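The chain contents come next:
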Amino acid sequence: MLNPGSLQVRYQWLRGHQAETSTVKPQPTLGDDAARIFRHHVFHDMPIHLLSINDHEAGTARFKLIKRDDLKAEDFVTEEAIASHSAQSPDLPREEVIRRLVAQQLKYAIFSHRWSQQEATFEMVQKAGLAGLGSDAPQGYKKLENFCAMAVAHDCWLAWADTACIDKRSSAELEQSIRSMFSWYRNSAVCIIYLAESSGMGDFKDEPWFTRGWTLQELLAPAQIKFYTKDWTPIKSMTDCPNDKDNDEMLQAISGATGIKAHDLRYFSPGLLNVREKMVWASKRQTTLEEDVAYSLLGIFDISMPITYGEGKRAFRRLMEVIVQDCREWQIFAWAGRHSPYAIAFPESPSGYGSEFLGQVDASVLHPERPIHRPWDLGDPFYTTTKKGLAVKVILVEMMLQIDREFDSEGPPYERLQLRPALQEQRYFKDIEAVCDTRFLLYSQWAVGIISYQTDGNGEKDELGELEANKSYICFLLGTGIYSPYGKWQKVGTRKVLTIDTKEVVRRELTTLLL
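Residues numbered from 1 in each chain as written. Predicted model: local features only at pLDDT ≥ 70, side-chain atom pairs only at ≥ 80, totals over all residues. Heavy atoms only, no water.

Draft legend 1. Quick peek at the pattern of salt bridges. Applying the stated criterion to the full structure yields 26 salt bridges. Across the salt bridge formed by arginine 99 and glutamate 96, the nearest N and O atoms sit 3.8 Å from each other. Note that arginine 99 and glutamate 96 are positioned in helix α6 (residues 94–105) at a spacing of 3 residues, about one turn of the helix. Arginine 99 gets classed as partly exposed once you look at its relative accessible area, which sits at 41%. (Salt bridge = Lys/Arg side-chain N within 4 Å of Asp/Glu carboxyl O. Helix = DSSP H or I, 4+ residues; strand = E, 2+ residues; numbered from the N terminus. Buried < 20%, exposed > 50% of the residue type's maximum accessible area, 1.4 Å probe, protein only.)

Now the structure itself:
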């Protein structure tokens, strides 16, 4: 097996030294299959640019910027090494042996940190080369040196850092990097996390790293992570805990700082399951650019969309539209607060899913047990976006309005609305209270649209929804009036997620809303 730590001697291009070719025994020509697998791994599983680490001493490291195109199969894989691995694992086919060998030889460390104003840029690192910047190096460059030293401690001679390894002069590279970043973190051998304001786990609750948008995927994606304090000391010793995701005490501290369960921290799977829960994780995080609120979540939900800096809050609206096309969970609509300026059916940002908007909503209302008496689903699994807005089926309940105007002394005025079911509905539903902005009083008719009903989920036109007696259900507040487009119902923004309680069993046809 080729030892990555021996690259300084064996690979002249990577180490920057003259090879002593006269003492090297000739090697058999590398097979085409090995070369093909190597190229596939390089161009599908590795970042576009990497840091090649040469010498390291006294806690720092020398490195240079390289392209992944510079990685050549013959420098990392030999037929001799393939034969040796095959002998150790005789049951594995040759291609699998090669894949594992290539992945081992090309393993890289990846960096996660909070950006400062003096970061080492792509141009700076490219110009500095192996010579470095010496005493004139900005603090960010020294941070990069320390990261590379920690990478070597994890037996990685290749590394990637977002500040230094993306050529932002190329819009194509920037877009590819943003779309691929989750997979790059997932494919890394270890993610080295630098906490610039922490001395130990006791500081996690005040550590800014846990509040940044991009660091969410940097925490969840890698299989192996290692936390370092502000003086570059590992919070858990390398000897006892090479992977902080394997340490229960560490996971408990991370969970306390993020609200993410230990199981999800250790076994996170990207995709469109439990969308609302993932939005809750992002609800307290901030990004410098508005667009990054959406772009930082692409990998979390395993979706793709064009990157267009300058679009502002439209980015999150587009993210929600992509999610809605494939998501089948009604909980995605259980949000409150400010709506998107471009689509009233969607929140302005993940903050709309924050726990402060749930009010008194119990967890069992958001995640009710499925009825055991028949194989029914919950809510409308076939909601979708159209040119007329979000199309979603609800149980519509008309309401009568009673207004109790109040004013917030520390903010804009708001309306506390007392809503009573219409006469024909009072047998089935209780009164509700909703708090919303005064501009919504232009509506002359009111209703709620219940979204968490039970259904057989067949999507047919005359489909029925059912509600059990004496239970709470999530709903929209709806209004319509002379200014409503086409006289249709419109979603009214509320300051808390709204619920309505039933008195008796309800079973009726569903109404399609266009929001």
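Draft legend 2. Representation of the sheet that holds strand β15 (residues 454–455) in the model. One open sheet accounts for 4 strands, arranged β9-β15-β16-β20; its pairing is antiparallel. Of all strands in the sheet, those with a lone pairing partner are β9 (377–378) and β20 (506–509), marking the two edges. Across 2 bridges, the pairing between β9 and β15 is antiparallel. In the sheet register, leucine 378 faces β15, and the bridge partner there is glutamine 454. (Pairing = 2+ DSSP bridges.)

Draft legend 3. Summary view of helix α11 (residues 248–258). For α11, every residue scored as buried is listed here: Met250, Leu251, Ala253, Ile254 and Thr258. Taken down its axis, α11 places every buried residue within 160° of arc, on the same side. Residues of α11 that are exposed and point over 90 degrees away from its buried face: Asp248, Gln252 and Gly256. Considering only its buried residues, α11 is in contact with α10 (215–220), β6 (225–228) and α12 (262–267). The N-capping residue of α11, defined by a side-chain oxygen 3.1 Å from the backbone nitrogen of glutamate 249, is asparagine 247. Backbone geometry just downstream of α11 places glycine 259 in the positive-phi region, at approximately 80°. (Arc of directions from axis to C-beta. Contact = heavy atoms within 4.5 Å. Polar contact = N/O pair within 3.5 Å; in protein donor to acceptor, adjacent residues only side chain to side chain.)

Draft legend 4. Spotlight on the confidence of the model for the protein. On average, the protein scores 87 in pLDDT, and the residues at 70 or more come to 87%. Segment residues 1–22: pLDDT under 50, and 47 contacts once partners within four positions in sequence are set aside and those in other chains are kept. (pLDDT = per-residue confidence, 0-100.)

Draft legend 5. Fine view of the side chain of asparagine 243. In this structure, asparagine 243 sits in the loop between β6 and α11. A distance of 3.0 Å separates a polar side-chain atom of asparagine 243 from the backbone nitrogen of lysine 245. Dropping the residues within four chain positions of it, asparagine 243 is found in contact with Ala223, Gln224 and Ile225.

Draft legend 6. Broad picture of the packing of aromatic side chains. For the structure shown, the criterion picks out 18 aromatic pairs. With centroids separated by 4.5 Å and ring planes inclined at 15°, the aromatic side chains of phenylalanine 111 and phenylalanine 147 adopt a geometry described as stacked. Of the two residues, phenylalanine 111 is situated in strand β3 (residues 109–112) and phenylalanine 147 in helix α8 (residues 139–153); the sequence distance between them amounts to 36 residues. In this structure an aromatic cluster arises from ring pairing among Phe111, Phe147, Tyr194, Tyr228 and Trp232. (Phe/Tyr/Trp six-rings, centres within 6.5 Å; stacked < 30°, edge-to-face > 60°.)

Draft legend 7. Representation of helix α5 (residues 79–88). Buried residues of α5: Glu79, Ala81, Ile82 and His85, and no others. Projected down its long axis, α5 shows its buried positions confined to an angular sector of 160°, all on one face. In α5, those exposed residues whose orientation departs by more than 90 degrees from the buried face are Glu80, Ala87 and Gln88. Lining the buried residues of α5 we find α3 (32–45) and α6.

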